Amino acid sequence: MALTRVIAEHPLSKYLVNERLPHAWCPGCGLGITLGAILRAVDRKVREGKIDIKKLVLVSGIGCSARASFYVRFDSAHTIHGRAIPFATGAKLANPSLEVIVFGGDGDIAGIGGNHLIHAARRNMDLLVFMVSNLVYAMTGGQVAPTTPTGLFTTTTPYGNPERPINVVKLVASQNPNYVARASATHPALIEQYTYRALGMEGFRFIEVISMCPEVFGRHIGYNDPVSLYKAIKSKTRVKARPSLDEADYDWNHGWVLGEFIIKNNPGYLRTTGRWRA
Ligand SMILES: Cc1ncc(C[n+]2csc(CCOP(=O)(O)OP(=O)(O)O)c2C)c(N)n1
Ligand code: SF4
């Protein structure tokens, strides 16, 4: 009897450079979950004819998060640490018909790249920025990041982080952009939902994704396996439909409110400067 071998194709394969898989992210890392959710939102937009995949560009800087640009099968650029936003701004200005996404870590986007983040938000620049907050500089070994909650142990804060973290949601919101949301890799459906809304909107759109780094974050604070860190972060997140900005404050004990903090429809930078093209 002839045997037929059936190989099922993953629904997102068409958006991934399959030759590069398996990816380099550690087991239990939130990055694959996050990218998968984003690609599901992209897929819905493509199937609805609202996005042309040939016009989608993903730009990243450097870090574990930034490796996403290696894996997507559409135009992408792996740029310099902290400089993904200016690179993406250049791409959008050069070709206003592109939909440009930035994907980076909290060190990349809010640390070394923090100044670019503020000014892109201030300009309501037509970009969608994802900041994956795993709460440390993961690629370089788990050093303290600007988002690390006070008191936590990292490789550079062996007595506990003495600093207060930046609340990046509030910081970006203060610049009056069109969209600000916070999701978590423990809630991939939210990442997909917020991405779906933000894709194709005008102006500056910012989505923070709280994420699990079991390898160099969790193990320094007593979570010795990916599941226990996942459960801890999940237990620290609460979803609200339209939270106020005051509810964006976080610390390790009280955790994070997830939700859409800002949704506006103001003209983006390109329309304001007479260069908008759908
Ligand atoms: C200009 C410059 N400074 C420092 C580095 C070293 N470096 C590489 S990745 C990284 C931090 C990565 O942390 P983050 O951006 O939060 O991403 P993650 O690895 O956590 O996803 C640093 C400091 C670099 N590559 N370039
Ligand atoms: S070091 Fe952390 S952020 Fe980097 S791939 Fe591993 S789990 Fe993910």
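Residues numbered from 1 in each chain as written. Chains lettered and ligands numbered in written order. Predicted model: local features only at pLDDT ≥ 70, side-chain atom pairs only at ≥ 80, totals over all residues. Heavy atoms only, no water.

### Notes on the overall build of the chain
Rules: Helix numbering and strand numbering both begin at the N terminus, where a helix is a DSSP run of H or I of at least 4 residues and a strand a DSSP run of E of at least 2. Residue exposure (1.4 Å probe, protein chains only): buried if accessible area is under 20% of the type maximum, exposed if over 50%, otherwise partly exposed. Note on contacts: a residue pair is in contact if any heavy atoms of the two residues lie within 4.5 Å. Here the open area of atoms and residues is found with the Shrake-Rupley method and a 1.4 Å probe, where only the protein chains shown may cover a residue. Asp and Glu are treated as the negative residues and Lys and Arg as the positive ones, with His and the ends of the chain left uncounted. Where a charge lies is defined by one atom per residue type, namely NZ (Lys), CZ (Arg), CG (Asp) and CD (Glu).
Of the regular secondary structure elements, the chain holds nine helices and ten strands. For the chain, with 278 residues in total, the buried portion stands at 53%. Contacts spanning at least 24 positions in sequence make up 67% of the contacts within the chain whose residues lie at least 6 apart. Of the roughly 12500 Å² of accessible surface on the chain, 55% is carried by carbon and sulfur atoms. A gap of 3 Å separates the mean positions of the 32 positive and 21 negative side-chain charges of the chain.

### Details of the site of ligand 1
Applied cut-off: Definition of nearness: a residue and a molecule or strand are near each other if at least one heavy atom of the residue lies within 4 Å of the molecule or strand. Contacts described as polar in this section are N or O atom pairs within 3.5 Å, which, within protein, must combine one atom able to donate a hydrogen with one able to accept it, while residues neighboring in sequence count only if both atoms come from side chains.
Taken together, 16 residues sit near ligand 1, with Cys64, Ser65, Gly107, Asp108 and Met139 positioned nearest. Note that an oxygen atom of ligand 1 is positioned 2.8 Å from one of the backbone N or O atoms of Gly107. Met139 is positioned with one of its backbone polar atoms (N or O) 2.9 Å from an oxygen atom of ligand 1. Here ligand 1, which alone exposes 580 Å², has 74% of that area covered by the protein. Broken down by secondary-structure element, the contributors of at least two residues to the shell around ligand 1 are helix H4 (106-112) and strand E5 (136-137).

### Let's talk about the sheet that holds strand E4 (residues 127-133)
For clarity, the cut-off: Any two strands with at least two DSSP bridges between them are considered paired. Orientation is described by axes fitted as lines to C-alpha atoms, over the contacting stretch for helices, and by angles from 0 to 180 degrees between their N-to-C directions.
Spatially, E2-E1-E3-E4-E8-E7-E10-E9 is the arrangement adopted by the eight strands of the open sheet, whose pairing is mixed. Looking at the sheet topology across the chains shown, the edges are occupied by strand E2 (75-78) and strand E9 (237-239). Geometrically, the sheet is characterised by an average inter-axis angle of 20° between neighbouring strands, direction not taken into account. Bridge analysis of strand E1 (residues 56-60) against strand E3 (residues 99-105) gives four bridges, and the strand direction is parallel. In the sheet register, Val59 faces E3, and the bridge partner there is Val102. Where helix H7 (residues 188-198) meets the sheet, its contacts fall on E3, E4, strand E7 (179-184), strand E8 (204-210), E9 and strand E10 (256-263), and the angle it forms with E7 comes to roughly 160°.

### A closer look at unusual backbone geometry
Leu21 connects to Pro22 through a cis peptide bond whose omega is 5°. By the secondary structure assignment, Pro22 is in the segment before helix H1 (30-47). A positive phi angle, close to 50°, is found at Asn124, a residue other than glycine. As for its placement among the helices and strands, Asn124 is situated in the loop between helix H5 (114-122) and E4. With a relative accessible area of 7%, Asn124 lands in the buried category. Positive phi, normally seen in glycine, also occurs at Asn176, with a value near 65°.

### Some words on the environment of Pro27
Following the sequence through the fold, Pro27 ends up in the segment before H1. Here the alpha-carbon distance between Pro27 and Ile51, two residues 24 residues apart in the chain, equals 32 Å. The contact partners of Pro27, leaving out residues within four places of it in the chain, are Pro214 and Pro226.

### Describing the pairing of E8
Along E8, seven of the seven residues are buried, which leaves the element largely enclosed by surrounding structure. Neither face of E8 is left uncovered, since the one carrying Phe204, Phe206, Glu208 and Ile210 and the one carrying Arg205, Ile207 and Val209 both have all their residues buried. Here seven bridges tie E4 to E8, and the two strands are oriented parallel to one another. Paired with Leu128 across the bridge in E8 is Arg205. As paired elements, E7 and E8 share six bridges and run parallel to each other.

### A look at H7
Where H7 is concerned, the buried positions are Leu190, Ile191, Glu192, Tyr194, Thr195, Tyr196 and Ala198. Count one or two residues on from H7 and you reach Gly200, which has phi positive near 90°.

### So, the packing of H1 against H7
Inclusion rule: These descriptions rest on fixed angle ranges, namely under 35 degrees for roughly parallel, over 145 for roughly antiparallel, 65 to 115 for roughly perpendicular, and the rest for oblique. Two helices crossing with the near one rotated counterclockwise from the far one by less than a right angle form a left-handed crossing, whereas a clockwise rotation gives a right-handed crossing.
At their nearest, the axes of H1 and H7 sit 8 Å apart, and the two run at 40° to each other. Relative to H7, the element H1 lies oblique. Remark: the crossing between H1 and H7 carries right-handed chirality. Facing H1, whose interface residues are Ile33, Thr34, Ala37, Ile38, Arg40, Ala41, Arg44 and Lys45, H7 presents Pro188, Ile191, Glu192, Thr195 and Tyr196.

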